[in-house]
Amino acid sequence: MSRSTRALPISFEFFPPKTPEGVQKLRAVRQQLYARGPQFCSVTYGAGGSTQAGTFATVREIIAEGQQAASHFSCIGATKESVRQQLAELKAMGVKRLVALRGDLPSGYGLGGEFHYASDLVAFIREETGRDFHIEVAAYPEMHPQARSVEADLQAFATKVRAGADAAITQYFFNADAYSRFVDEAQRLGADVPIVPGIMPITGSTQLMRFSDACGAEIPRWIRLRLQGFGDDTASIRAFGLDVIARLCEQLVAAGAPGLHFYTMNQSTATLALCDRLGLPA
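It should be emphasised that the depicted structure is a prediction, and the values quoted were computed from it without experimental measurement.

Each helix and strand in the chain was counted, giving eleven helices and nine strands. Taken over the C-alpha trace, the chain has a radius of gyration of 18 Å; the compact-globule value for 282 residues is 19 Å, and the two agree within 12%. The principal-axis extents of the C-alpha atoms in the chain amount to approximately 50 × 45 × 45 Å. Residues classed as buried in the chain amount to 49% of the 282 residues present. Summarising the internal contacts of the chain: among those between residues at least 6 apart in sequence, 79% fall at separations of at least 24. Computing the positive centroid from 28 side-chain charges and the negative centroid from 28, the chain places the two 3 Å apart.

Time to look at helix H10 (residues 234-254). The end-to-end C-alpha separation of H10 is 30 Å, in line with the 30 Å expected for 21 residues at 1.5 Å each. Here H10 has its buried residues at Ile237, Phe240, Gly241, Leu242, Val244, Ile245, Ala246, Leu248, Cys249, Leu252 and Val253.

Picture the strands of a sheet paired through backbone hydrogen bonds; they go either parallel or antiparallel. Taken in spatial order, the nine strands line up as E7-E6-E5-E4-E3-E2-E1-E9-E8 in an open sheet, and their pairing is parallel. A single partner strand is all that each edge strand has here, and the edge strands are strand E7 (195-196) and strand E8 (198-199). Sheet topology note: the strand E1 (residues 10-14)/strand E9 (residues 260-263) ladder contains four bridges and is parallel. Across the sheet, residue Phe12 finds its bridge partner in E9, namely Phe262.

A separate point is the packing of aromatic side chains. Following the criterion strictly, the structure yields eight aromatic pairs and no others. Judged by centre distance (5.4 Å) and plane angle (75 degrees), the ring pair of Phe115 and Phe124 falls under edge-to-face. Under the relative-accessibility criterion, Phe115 is labelled buried at 2%. Taking the centre distance of 6.0 Å and the plane angle of 85 degrees together, the rings of Trp222 and Phe240 count as edge-to-face. Residue Trp222 is located in helix H9 (residues 221-230), and its partner Phe240 is located in helix H10; the two are separated by 18 residues in the primary sequence. Since its relative accessible area comes to 49%, Trp222 is described here as partly exposed.

This paragraph deals with the environment of Ala35. Mapped onto the secondary structure, Ala35 falls in the loop between helix H2 (20-34) and strand E2 (40-43). On a C-alpha basis, the gap between Ala35 and Ile223 in space is 31 Å, while along the polypeptide they are 188 residues apart. In this structure Ala35 touches Pro281 and Ala282, once residues within four positions along its chain are discounted.

Judged by nonpolar contacts, the single largest core of 85 residues is most densely connected at Phe157, Ile195, Ile202, Ile245, Leu260 and Phe262. For this core, the leading source of residues is H10, giving ten residues. Those residues in contact with Ile245, other than ones at most four positions away along the chain, are Phe174, Ile199, Met200, Pro201, Ile202 and Leu274.

This next bit is on the environment of Thr271. Its place among the elements puts Thr271 in helix H11 (residues 269-278). Between the C-alpha atoms of Thr271 and Thr203, which are 68 residues apart in sequence, the distance is 9.9 Å.

With that settled, consider the packing of helix H4 (residues 80-93) against helix H5 (residues 118-129). Remark: H4 packs on H5, axes separated minimally by 11 Å, with the N-to-C direction vectors making an angle of 60 degrees. As far as their axial angle goes, H5 and H4 are oblique. Seen from above, H4 lies across H5 with right-handed handedness. Where H4 approaches H5, its residues Lys80, Val83, Arg84 and Leu87 are matched on the opposing element by Leu121, Phe124, Ile125, Glu128 and Thr129. Looking at the contact of H4 with H5 residue by residue, the classes come out as five nonpolar, one polar and three charged.

Reading guide: rules and limits
- Residues numbered from 1 in each chain as written.
- Predicted model: local features only at pLDDT ≥ 70, side-chain atom pairs only at ≥ 80, totals over all residues.
- Heavy atoms only, no water.
- Helix = DSSP H or I, 4+ residues; strand = E, 2+ residues; numbered from the N terminus.
- Rg over C-alpha atoms; globule rule 2.2 N^0.38 Å.
- Buried < 20%, exposed > 50% of the residue type's maximum accessible area, 1.4 Å probe, protein only.
- Contact = heavy atoms within 4.5 Å.
- Lys, Arg positive; Asp, Glu negative; His and termini not counted.
- Charge placed at Lys NZ, Arg CZ, Asp CG, Glu CD.
- Expected span 1.5 Å × (residues − 1).
- Pairing = 2+ DSSP bridges.
- Phe/Tyr/Trp six-rings, centres within 6.5 Å; stacked < 30°, edge-to-face > 60°.
- Core = buried A, V, L, I, M, F, W, Y, C linked by side-chain atoms within 4.5 Å.
- Axes fitted to C-alpha atoms, helices over the stretch in contact; angles between N-to-C directions.
- Parallel < 35°, antiparallel > 145°, perpendicular 65-115°, else oblique.
- Left-handed = near helix turned anticlockwise from the far one by under 90°.
- Nonpolar A, V, L, I, M, F, W, Y, C, P; charged D, E, K, R; others polar.

The structure is reproduced here in structure tokens:
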């Protein structure tokens, strides 16, 4: 166990549950993960703000449980006044961190709203609230799936940083070199903020492939073939996934990653296993 891993800041991401049973389950999951001393816990925000009530309710609970919560905050379809009101609500709740995103509209909706890019939202938050919030933005080591080119995507990231972002969390990925290259190229553009890699535990095959195809995260061929070869053998998939992702985390820490952000999928088992493998204190 390296000293750098033991001292590494970690954070966890959750999504707002849709059922009372899901709410209760997530409460238990959070308590298990809090034992690892996260720097903060983030809560996602549905397309077009569709989960806003659930997001804010989950954020309130995390704060009430004595943890720092980061609310995802998207702007597509929003007006300056609606954003202003939501920022005031979050500030009154005691939120100190935001994950500022462009976000997606529900299918069938036009672009609309007064914000077209995440950089517009970051600039507006800074204009309205000064330094009241620590602002995280998204980064895409393998390029945003809707970007015109790698260079255009890097320029868009740099624009978010110039607009006032404090740090970034990446989309998940499985190639440590892609992360290191992205960090180097972002710094070349003057976007010198902490870029924390997002980590997706591997617990299954079908869902992971579906998610990855949708968000543009490349699954290396050797990983895809191994997962397919395990078929329905969940235990083997989980053991293999733990080895692969723990090794990825070790490579990222060795490369200087400033922290690790775990996409928990509202589950604790795989994330706790990774923490144990990495020697993160319980």
